[in-house]
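Reading the structure
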Amino acid sequence: MTHEPMSRSSSSFFRRDAAGDEERAALTPPPPPPAADDKGGAPAGRRRWPSSVMRMKGVGSVMVGVVFLALLIVVHRWVGLDASFLRDSSMVSTSTRQWHPHHNISTPPLMTLPPFSCGNGTAAPATCPTTPPSPPPMSKPAGRGEPAPSCPDYFRYIHDDLRPWRGAGITREAVERGRRHAYFRLVVVSGRAYVETYRRSYQTRDAFTQWGVAQLLRRYAGRVPDVDIMFACDDRGRVRAADFAAAPADAPPVYRYCRDATTLDVVFPDWSFWGWPEVNIGAWPATLEAVRRESARVRWPEREPFAFWKGNPGVARIRGELMKCNPASDGRDWNARLFSQDWNHAIHNGFRDSSIPKQCLHRYKIYIEGEAWSVSEKYIMACDSPVLFVTTPYQDILSRGLVAGEHYWPINRTRMCESIKTAVDWGNAHPAAARRIGEQGSRFVREQMAMDYVYDYMFHLITEYAKLLRYKPTVPANAVEICAESMACGAAAGRERECMDESVEGFVAGFDPCSLPPPFTEEEKREIAAREEEVLRKVAKLEEENM
């Protein structure tokens, strides 16, 4: 995960019009912020420097000269700063490689899965097939026996998550200790999945997580090993590393959507990749395509020159602090336009004002944690607008792959308002460089977080976990079998069923998953930490100069 400043010839942003924007911005100060409407929301209008000022005579001309000189001094520190100022010259860009769904490089065989029917209301609902799908006879790219292409670098954190059990392995006793954290137990035996439920999750987190595993079993039929997993559906990690410092292998391996440096929870893709029906968000591929279309409809220079965030500020104290960065009654403007999301109103309003794709109308988007990581992260990254990422201790599969200064602009969580203002001022003064950060972040979620790689991440995590088990998994007495047929037919009518229909896997893959890269070396970890620290230091220095 090393990178260097992108050359002008390697970036589509350095077209003639973009370069012209950059040159003009270097000579022109950022325009004064437009007045906000009476709701503190979108600007009521944009003001330009009146041309009559430049025609002033006498004393007026002297005043213009003084003002112009002052502006040159203010703008001087911005001149020549493109995105490369954040990165050391020895770094190699992670964005130069084009990532595509790895099976598109050939024409591998695909075995169509038969459609299933849920009956006509009088017949019994569909049950799981007697015999699960089998893999196609050929499972190599183009049948040539070539190795699959390497997975993205964030897959290497799979090794880190499983490191506590690398030596002694995972015992049944360790798994059982995770029961107090778990919402359900997932067991795969001979290609069939079984779930024992301990408690219900918030909304349908558990159901769509299980649905994702059922799709994995369809996609890579016959290749998912037997496993026994405790799964938690709440936000924060609970397995504290300090409690197992003397014997890490005694820690319960609990799968969860995120973790931080103090916990040992095993990170797994969140449920919303297959849909979040309660808030009208569909499966990831369709949602990503809708965001792409809306992003293309309003070009970046035409978007509002502010940082946008919309969400529920009540779920975390830090979000309440963020709301203080809205335009203040005393005239202060931090370049942020922040809105509270009332989900009850949105539900009754049919989500007409809560469309994810319609939120690409500002030049900058803000990402901030909720109770822990937030599902909104991937949708915010997809708009082609630079993401102002409030630094956070929480790690999910997406955030682990992001590079500060390349995929996002880091925002200091202890002085968010000042940090946001600096980032927006810099971006408006350097539009080509800002657009490049936005495009690189969006490209990351479109390419490296495509469903191909989500499934491959699940496959490799489960496979590596299974290698560590020191016992043969068995089906719990109270477990029920799950599969696409039983889950879809048992789902509530409406949006829940629609999300399942959108995300059901219709084929057994005739190709292998991408190839899991090796773990990071200690030297690589130090280099990654040092590079991130350097970016944060440079941003902090810029903020001090801008205050």
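These numbers come from a predicted model, not from an experiment. (Residues numbered from 1 in each chain as written. Predicted model: local features only at pLDDT ≥ 70, side-chain atom pairs only at ≥ 80, totals over all residues. Heavy atoms only, no water.)

1. Digging into unusual backbone geometry
The test is simple: Residue exposure (1.4 Å probe, protein chains only): buried if accessible area is under 20% of the type maximum, exposed if over 50%, otherwise partly exposed. Numbering of helices and strands runs from the N terminus; a helix is a DSSP stretch of H or I covering at least four residues, while a strand is a stretch of E covering at least two.
Despite not being glycine, Asn 335 shows a phi value in the positive range, around 70 degrees. For Asn 335, a relative accessible area of 7% puts it in the buried group. Phi at Asp 384 is positive, roughly 65 degrees, even though this residue is not glycine. When you line up the elements, Asp 384 lands in the loop between helix H9 (376-381) and strand S10 (387-390). Taking relative accessible area as the criterion, Asp 384 reaches 25% and is therefore assigned partly exposed.

2. Side note on the environment of Ala 245
Topologically, Ala 245 is positioned in the loop between strand S4 (227-231) and strand S5 (254-256). Overall, Ala 245 belongs to the exposed group, its relative accessible area being 61%. Linking Ala 245 and Pro 164, residues 81 residues apart in sequence, is a C-alpha distance of 9.7 Å.

3. Quick notes on empty space enclosed by the protein
Which entries qualify depends on this criterion: Grid spacing is 1 Å over the protein atoms alone, the probe is 1.4 Å, and a cavity is where that probe fits but cannot get out, while a pocket is an open set with protein on both sides within 12 Å along at least five of seven lines and lining residues have an atom within 4 Å of a point. Grid points are joined across faces, edges and corners, and a volume is the space filled by probe spheres set on the points. In this classification, the charged set is Asp, Glu, Lys and Arg, the nonpolar set is Ala, Val, Leu, Ile, Met, Phe, Trp, Tyr, Cys and Pro, and all remaining amino acids, among them Gly, are polar.
On inspection of all chains with the given rule, the structure shows five cavities of 30 Å³ or more. Reported here for the largest cavity is a volume of approximately 90 Å³. Forming the boundary of the largest cavity are 14 residues, of which Asp 270, Phe 273, Trp 373, Glu 377 and Asp 396 lie nearest the centre. Grouping the amino acids of the lining of the largest cavity by side-chain chemistry returns nine nonpolar, one polar and four charged.

4. Some details on the state of the cysteines
Our working definition: Note on terminology: pairs of cysteine sulfur atoms within 2.5 Å are recorded as disulfides.
If you walk through the whole model with that rule in mind, you get five disulfides. Disulfide pairing places Cys 151 opposite Cys 514 at an S-S distance of 2.0 Å. Residues Cys 151 and Cys 514 are joined through a disulfide that is right-handed, its torsion about the S-S bond being 100 degrees. You can see Cys 151 sitting in the loop between strand S1 (111-112) and helix H3 (157-162) and its partner Cys 514 sitting in the loop between strand S13 (507-508) and helix H15 (522-546), a full 363 residues away along the chain. According to the relative accessible area criterion, Cys 514 is buried, its value standing at 1%. Between the sulfur atoms of Cys 325 and its disulfide mate Cys 417 the distance is 2.1 Å. On the S-S bond that ties Cys 325 to Cys 417, the torsion sits near -90 degrees, and the link is left-handed. Separated by 92 residues along the polypeptide, Cys 325 in the loop between helix H7 (317-323) and strand S8 (336-340) and Cys 417 in helix H10 (residues 416-429) bring together distant segments of the chain. For Cys 417, a relative accessible area of 13% corresponds to the buried category. Regarding the disulfides, the protein chain carries the connectivity 1-9, 2-8, 3-10, 4-7, 5-6 under sequence-order numbering of its bonded cysteines.

5. A few points about the sheet that holds strand S12 (residues 480-482)
Strand pairing in a sheet relies on backbone hydrogen bonds. The paired strands run either parallel or antiparallel. Basically, it comes down to this: The pairing criterion is simple: DSSP has to find at least two bridges between the two strands. Note on contacts: a residue pair is in contact if any heavy atoms of the two residues lie within 4.5 Å. Structural elements are reduced to axes, namely lines fitted to C-alpha atoms, with helices fitted over the stretch in contact, and the angle between N-to-C directions of any two is expressed from 0 to 180 degrees.
Strands sit in the order S6-S5-S4-S2-S3-S12 across an open sheet of six strands; the sheet is mixed. At either margin of the open sheet sits one strand with a lone partner, and together these are strand S6 (266-267) and S12. For strand S2 (residues 184-189) and strand S3 (residues 192-197), the ladder comprises six bridges, and the chain directions are antiparallel. Following the sheet pairing, Leu 186 is matched in S3 by Val 195. Across the sheet, helix H5 (residues 205-219) touches S2, S3, S4 and S12, and the angle it forms with S2 is around 10 degrees. Its contacts with the sheet place helix H12 (residues 451-468) against S4, S5 and S6, and it is angled at close to 115 degrees to S4.

6. Observations regarding the packing of H10 against H15
In plain terms, the rule: Geometric relationships in this document are graded by angle, where less than 35 degrees denotes roughly parallel, more than 145 denotes roughly antiparallel, 65 to 115 denotes roughly perpendicular, and other angles denote oblique.
Relative orientation of the contacting elements H10 and H15 amounts to 90 degrees, with a least axis distance of 9 Å. Here H10 is positioned roughly perpendicular relative to H15, judged by the angle of their axes. Facing H10, whose interface residues are Ser 419, Lys 421, Thr 422, Asp 425 and Trp 426, H15 presents Leu 542, Glu 543 and Asn 546. Here the residues of the contact of H10 with H15 are counted per class, giving two nonpolar, three polar and three charged.

7. Brief notes about the pattern of salt bridges
So the rule is basically this: A side-chain nitrogen of Lys or Arg and a carboxyl oxygen of Asp or Glu constitute a salt bridge if their distance falls within 4 Å.
A full pass over the atoms with the stated rule returns 42 salt bridges. As a salt-bridge pair, Asp 228 and Arg 185 come within 2.8 Å of each other at their nearest N and O atoms. You can see Asp 228 sitting in strand S4 and its partner Arg 185 sitting in strand S2, a full 43 residues away along the chain. The same class applies to Asp 228 and to Arg 185, which are both buried. Its salt-bridge partner being Arg 292, residue Glu 289 comes within 2.6 Å of it at the nearest N-O pair. Of this pair, Glu 289 and Arg 292 both sit in helix H6 (residues 284-297), three residues apart, roughly one helical turn. Under the relative-accessibility criterion, Glu 289 is labelled partly exposed at 31%. Owing to a relative accessible area of 39%, Arg 292 belongs among the partly exposed residues under this scheme. Beyond isolated ion pairs, a larger network of salt bridges with shared partners links Asp 160, Arg 163, Glu 522 and Lys 525.

8. Some words on the confidence of the model for the protein chain
Test applied: Confidence of the predictor at the level of single residues is captured by pLDDT, which takes values from 0 to 100.
Of the residues in the protein chain, 75% have a pLDDT of 70 or more, and the chain-wide mean is 82. Confidence over residues 89-93 falls short of pLDDT 50; this stretch has 16 contacts with residues more than four positions distant or in other chains. When the criterion is pLDDT under 50, residues 139-143 qualifies, and its contacts beyond four places in sequence or with other chains add up to 14 contacts.

9. A short note on the packing of H10 against helix H11 (residues 431-448)
Orientation of H10 relative to H11, taken along the N-to-C sense of each, is 115 degrees, at an axis distance of 5 Å. Put simply, H10 runs roughly perpendicular to H11. On the side of H10, the interface is formed by Trp 426, Gly 427, Asn 428 and Ala 429, while H11 contributes Pro 431, Ala 433, Ala 434 and Ile 437. When the residues that make up the contact of H10 with H11 are grouped by side-chain class, the tally is six nonpolar, two polar and no charged.

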